[in-house]
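Examination of the molecular architecture
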Amino acid sequence: MGVGGAARRSWGAAVLVLQAAWALGGGQVRYSVPEEAEAGTVVGRLAQDLGLEAGEAEARRLRLVARGRRASVEVSGASGALVVSSRLDREELCGKSAPCALRLEVLLDRPLRVFHVEVEVTDINDNAPRFPAASKNISIAELSLPGSRFVLEGASDADIGSNAQLSYTLSPSEHFALDDKSSSENLKSLFLLLTRPLDRESLSEHRLVLTASDGGRPSLTGTVQLVISVLDANDNAPQFNQSVYKVQLPEDAAVGTLVSRVAATDPDEGINQEFSYSIVNSVPESQREAFSIDRHTGEIRLTGPLDFEDVRQHELQIEARDKGTLPLSGHCSVIVEVLDVNDNAPEVWVTSLSVPVSEDAALGTVVALLSVSDRDSGPNGRVRCAVRPPSPFGLVATFAGSYSLVLREALDRERVSEYEVEVRAEDGGAPPLRAIRGLRVPVSDVNDNAPAFAQAVYTVLARENNAAGAELARLWARDPDEAGNGRVSYSVAEGGAGSGSGSGWRPASSYVSVDAESGRLRALRPLDYEELQVLQFEVRAVDAGEPPLCGNATVQLFVVDENDNAPALLPPAGGGPGPWAAGEAAEAGWRASGSAAEAGSSWSLWARAAWGAPAGQVVAKIRAVDADSGYNAWLRYELREPRGDGPFRVGLYSGEVSTARALEEADGPRHRLLIVVRDHGEPPLSATATLSVSLVEGSEAALAVAGAGAVLAGSPGVGSDGGPSGAAAAATAATNVWLVVAICAVSSLLVLAVVLYGAGRWAPRAAVLAGPGPPTLVCASEVGSWSYSQRHSRSLCVATDGAGKSDLMVFSPNCPPPPCPAPKETPQDPPALLDTVSASHGPFAPSFYPAFFLSSYCSFSLLPFLVFFSPS
């Protein structure tokens, strides 16, 4: 390019030459311009050389026409000069051709004329010599002899002439020289000459620089690097860059993970340098398949799972073997250290289990021995243990990895009979792993609970005349212990009752029995209310433990009256005849014991009435008593014969026979009355009495009133005329004193009973009933005795399987009242059939029982005296 600049400075001289050539060429204009002239460079004054005046070139449209190629020159319109319009490159335009000329046509109008212009592009030394490649590899056997020649490829130069004449030089070398012999003027053959023997072990590669210089001014050069490789025999084995490779790999690494890359080199070349990798040995041998190596790249990859707990370190022996005629090999070791990850949960083993645990076991008793481990290491293998629930058991560490499950709190089998214990182990990994071991710890029973009845006092109601073996109630005692400790047997412990007939005290076991297994209370024989009203005894429940424990309950058995006694008519007091005072009710002081067989029995009595007696005058009084109580002992009197409007009538409840109207002679001297005494039982029982009334004069009637009102026919002490004897009157006077004493004693007992009852109301106790069968509550109503104006009754409930027929009823004992004025002949309403009161404040409150029983018993005991010794 520097040469082109110098040519541009001498363009003026070239123009002069062209002008001279114009003169010699006869009409063809020739110009010369060096290549690489800058745009705008004036090649020649074309308009002037064509003989045109100033301004004519523009007026006649002087223009340039190229022939098939880019001209790179143009005509300046104003001056008419030929100037360079674009880069001129001779090598591009003409290559190696010389000379290089551009042939142009110039047109001129008015008139049209064509001129030929030739522009020669001259060469400058703008191209340096160029080798085909910047580097040339040459392989020479190590055993090549000195003087050996090796052909080299020469350089080329795009310029022409002297600018393209080349000369070569070689960089200094002890083993090589340049041999350039010219076969012709422009062709040279280059050879690399070996001057000294080669030694590859000392120098395996020689690098030389071959320089080509052209003949331009200044000279340009080109170079090529000669890389001379000395080919050696296979006398070197592959060598690894490390003898030992150390790699750390987590045990959860995925299959295909790159473990390491080994690299080996072989100083030989060619096939002697080619080698392949392989795993020749593995420690442990069983894990050899866990790794693979690429034969060409030396990449070691994971092909199987790793387990830190099985193998913590792998050692691989790697071999690199070349492909020489006699192959050589090199070796290295790869040590893979497996890193632990928290991939193993803790494990809990029960090495010893002592179950069941007695509920009276002492605190600190060892229940189980546990072993805890974690296959991981470090924090991943440190295990913490806990027990759930935290009580009544706890863990005690004995030594590393061993624990004892001990008792921390007292056990109660009746509260919790079995524990589901969880031992939880958790390691110190992130995230932590857990393990749970369940233990079933049953608690064995000891006999620490006595049988306990559901009620302290059972109140049982039983109807009299029950069948022998009938179930009265079912008692149940609960023992929360199990097996034999909770197996309860029942027995009648103690208790009894005195017989009303004076036969003495009888134990409760003669009346009732209790089934040892079921607790069913049964009657051993039919019960008779008239013999036994209340039976109190204790039932004992004993378990089968060792030692046995027991519990007691009190049973109060009340016999409920049945209508099994017919009314019984009473004879006159003293057993002999005596006058019945008109308007008085002379009742017996004892109670006749009737039976069902006596129903319908008939008695014959007589009485006297005065002629003209006014209506309502009492002629006689029928006295009767019923051994039953309550409604069954509530008597009523009916006049069966004569029917219709007779002169006499009978009080419905008093039994008094009185005149219905004034008596007249027309009524006749004698009247026969058939009187029926009937109770209110179901079905009702009755007795009949035949009363013969004789109508007499007033004086005889007065004697009858003073002597006897009505007597039993044929009774002792009754004369043939019907009048009372003197012995009967004396007996009546003698017993009046005893009657007063008896009444005072009964009154005192009644006052004492009332005081005890009042005191007992402030200490209430729950009266509980029990009965057999499922707990179905059936309420039984009760009717109090009609013989007392003050009756005590209550509603009692028992659990029974049956219907209303098995309901139990209790009534207040019934005793004939002491002599009192005859009540008015007005119908009386029956008492309320059901009075329900509180169990703790009613008449059957437990605190009232002793007083009530004592009063009733004494009253009942005095009944024979009142009846027997009562005055007529």
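In this report, we go over the structure that sits alongside the text. Nothing here was measured: the structure is a model prediction, and the numbers come from that model. (Residues numbered from 1 in each chain as written. Predicted model: local features only at pLDDT ≥ 70, side-chain atom pairs only at ≥ 80, totals over all residues. Heavy atoms only, no water.)

Some thoughts on the overall build of the protein chain
Basically, it comes down to this: A helix here means a DSSP run of H or I that spans at least four residues, while a strand means a run of E at least two residues long, and both kinds are numbered starting from the N terminus. Each residue is placed in one exposure class: buried if its accessible area under a 1.4 Å probe, protein chains only, is under 20% of its type's maximum, exposed if it is over 50%, and partly exposed if it falls in between. Contacts are assigned to residue pairs that have any heavy atoms within 4.5 Å of one another. For the accessible areas, the method is Shrake-Rupley and the probe is 1.4 Å, while residue cover comes only from the protein chains on display.
The helix and strand tally for the protein chain stands at eight helices and 54 strands. Relative to its full complement of 872 residues, the protein chain shows a buried share of 44%. Sequence-distant contacts in the protein chain: of pairs separated by 6 or more residues, those separated by 24 or more amount to 71%. For the protein chain, the computed accessible surface area is about 42800 Å², with 54% contributed by carbon and sulfur atoms.

Regarding the sheet that holds strand E22 (residues 313-322)
Definition in use: Pairing between two strands requires that DSSP report at least two bridges joining them. Axis definition: a line fit to C-alpha positions, over the contact stretch in the case of helices; interaxial angles, taken between N-to-C directions, run 0 to 180 degrees.
Reading across the sheet, the four strands line up as E16-E23-E22-E19 and stay open at both edges, with mixed pairing between neighbours. Each edge of the open sheet carries a strand with a single partner, namely strand E16 (244-250) and strand E19 (275-283). Averaged over all neighbouring strand pairs, the angle between strand axes comes to 25°, with direction disregarded. Relative to E22, E19 is paired through eight bridges, and the arrangement is antiparallel. What sits directly across from Ser-276, in E22, is Arg-321.

Some words on the sheet that holds strand E14 (residues 221-231)
Ordered by their spatial adjacency, four strands build an open sheet running E8-E14-E13-E10, and the pairing between neighbours is mixed. The open sheet is flanked by strand E8 (135-141) and strand E10 (167-170), the only strands paired with a single partner. Each neighbouring strand pair of the sheet contributes to a mean axis angle of 25°, computed without reference to strand direction. Pairing analysis gives seven bridges linking E8 to E14, with the strands arranged parallel. In the sheet register, Lys-136 faces E14, and the bridge partner there is Leu-226.

Let's talk about the side chain of Asn-344
To keep it simple, the criterion reads: N or O atoms closer than or at 3.5 Å make up a polar contact, with two conditions inside protein: a donor-capable atom paired with an acceptor-capable one, and, for residues adjacent in sequence, both atoms drawn from side chains.
Along the chain, Asn-344 falls in the loop between strand E23 (329-339) and strand E24 (347-353). Note on Asn-344: relative accessible area 14%, which makes it buried. Side chain to side chain, Asn-344 and Glu-309 meet in a polar contact 2.9 Å long. Here the side chain of Asn-344 touches Asp-376 through a polar contact of 2.9 Å, side chain to side chain.

With respect to the nonpolar core
Side chains that are nonpolar tend, in soluble globular proteins, to be buried together. Put simply, the rule is: Side-chain atoms within 4.5 Å are what join buried Ala, Val, Leu, Ile, Met, Phe, Trp, Tyr and Cys residues into a set we call a nonpolar core.
Membership of the largest hydrophobic core comes to 28 residues, with the highest contact counts inside it found for Phe-453, Leu-535, Phe-537 and Leu-557. The set of elements that each furnish at least two residues to this core consists of strand E33 (457-463), strand E34 (471-474), strand E36 (488-498), strand E38 (512-514), strand E39 (520-523), strand E40 (534-543) and strand E41 (550-560). Contact partners of Phe-453, with chain neighbours within four places excluded, come to Tyr-458, Leu-475, Trp-476, Ala-477, Tyr-490, Val-539, Arg-540, Ala-541, Gly-551, Asn-552 and Ala-553. In this structure, Val-29, Leu-88, Phe-115 and Val-121 belong to the second largest nonpolar core, which totals 26 residues.

Things to note about the pattern of salt bridges
Note the following rule: Counted as salt bridges are all cases of a side-chain nitrogen of Lys or Arg within 4 Å of a carboxyl oxygen of Asp or Glu.
Per the counting criterion, the structure on display carries 24 salt bridges. Among the ionic pairs, Arg-196 bridges to Glu-174, the shortest N-O distance being 3.6 Å. Highlighted residues: Arg-196 in the loop between strand E12 (188-194) and strand E13 (205-213) and Glu-174 in the loop between E10 and strand E11 (176-182), separated in sequence by 22 residues. Given the relative accessible area of 54%, Glu-174 is considered exposed. A salt bridge links Glu-285 to Arg-288; the shortest N-O distance between them is 3.6 Å. Exposure remark for Glu-285: the relative accessible area of 44% places this residue in the partly exposed category. The partly exposed category is assigned to Arg-288, whose relative accessible area is 29%. Look at the salt bridges and you will find they share partners, linking Arg-413, Glu-414, Asp-445 and Glu-482 into a network.

Read these as geometric descriptors, not functional statements.
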